[in-house]
Amino acid sequence: NNTTILKSSLSIEDMPAMIQDTRREGDSDWYPDATIVRLRGLTSNMQLNGLLGCIVGFCNDRRLYRVKMDVDGSIKKVGKRNLEVLQMGKPEGPLVSPGLR
C-alpha cells in the first residue's frame, strides 16, 4: 500500500468541496464506503459491466462514487444508477468477480 498520510492544521471544513465527501446517511445518493457493488448499464466502458468493486469514496462535484475494482485495483468514478449493491458495509474476505470464479 503506497498511501501517504499528510498531517495538516486545516480542518475538514477548510478543504475544497471537490475533496470533501458530503454524503450523509439518509441522503438519496448515500451508499457507505466498503459497500460491495456490481457495475451495470455502462455504455462508454461496457467491458466493466458485471465486474465487482468496493466503494472507497465519493466525488461531490459530479455526484459519482469512487469504486475500487476487484479485478485490477483501479479506481473508477461511477454514478449511482450504474451500481448494483451486493453488500452494504465492510466486505468479508476477498472479492471475486463472476468471471474469475
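All values reported here derive from a predicted model rather than from experimental measurement.

Engineer: Which residues make up unusual backbone geometry, and what are the values?
Structural biologist: Of note in this structure, A34 is not a glycine but carries a positive phi near 75 degrees. Here A34 shows up in the segment before strand 1 (36-39). The class of A34 is buried, set by a relative accessible area of 18%.

Engineer: Which residues make up the sheet that holds strand 2 (residues 52-59), and what are the values?
Structural biologist: Pairing between the strands of a sheet comes from backbone hydrogen bonds, and it takes one of two forms, parallel or antiparallel. Across the sheet, which stays open at both edges, the five strands sit in the order 4-3-2-1-5 with antiparallel pairing between neighbours. Each end of this open sheet is capped by a strand with a single partner; those strands are strand 4 (75-78) and strand 5 (83-87). Going across the sheet, the axis of each strand differs from the next one's by a mean of 45 degrees, ignoring polarity. Where strand 2 and strand 3 (residues 64-69) come together, six bridges link them in antiparallel fashion.

Engineer: I'd like a rundown of the nonpolar core, residues and numbers included.
Structural biologist: Residues V37, L39, I55, Y65, V67, V78 and L83 are the most contacted members of the largest nonpolar core, which totals 13 residues. Those elements that place two or more of their residues in this core are strand 1, strand 2 and strand 3. Tallying contributions element by element places strand 3 first for this core, with three residues.

Engineer: Tell me about the side chain of S74, and please be specific about residues and values.
Structural biologist: Of note, S74 is situated in the loop between strand 3 and strand 4. The contacts of S74, once residues within four sequence positions are left out, are V67, K68 and M69.

Engineer: Please provide a residue-by-residue account of the pattern of salt bridges, values included.
Structural biologist: Think of it this way: side chains of opposite charge can pair up when their charged atoms draw near. Evaluation of the coordinates by the stated rule reveals one salt bridge. Between R38 and E84 there is a salt bridge whose closest N-O contact spans 3.6 Å. Separated by 46 residues along the polypeptide, R38 in strand 1 and E84 in strand 5 bring together distant segments of the chain. Its relative accessible area of 28% is what places E84 among the partly exposed residues.

Scoring rules and cut-offs
- Residue positions are given per chain, counted from 1 along the sequence in the order it is written.
- With the structure being a predicted model, the display of local features is reserved for residues of pLDDT at least 70 and the display and counting of side-chain atom pairs for 80 or more, all residues being used for whole-chain, interface and lining totals.
- Side-chain numbers here rest on the full set of heavy atoms in the structure, without hydrogens or water.
- Every helix listed is a DSSP run of H or I at least four residues long, and every strand listed is a run of E at least two residues long, numbered separately from the N terminus.
- Only protein chains enter the area calculation, which uses a 1.4 Å probe; residues under 20% of their type maximum are buried, those over 50% are exposed, and those in between are partly exposed.
- Here, a strand pair is defined by DSSP locating no fewer than two bridges between the strands.
- Between the N-to-C directions of two axes lies an angle of 0 to 180 degrees, each axis being a line fitted to C-alpha atoms and, for a helix, fitted only over the stretch in contact.
- We define the nonpolar core as a collection of buried residues of types Ala, Val, Leu, Ile, Met, Phe, Trp, Tyr and Cys that are connected through side-chain atoms lying within 4.5 Å of one another.
- Pairs of residues are marked as contacts when any of their non-hydrogen atoms sit within 4.5 Å.
- Any carboxyl oxygen of Asp or Glu within 4 Å of a side-chain nitrogen of Lys or Arg constitutes a salt bridge here.

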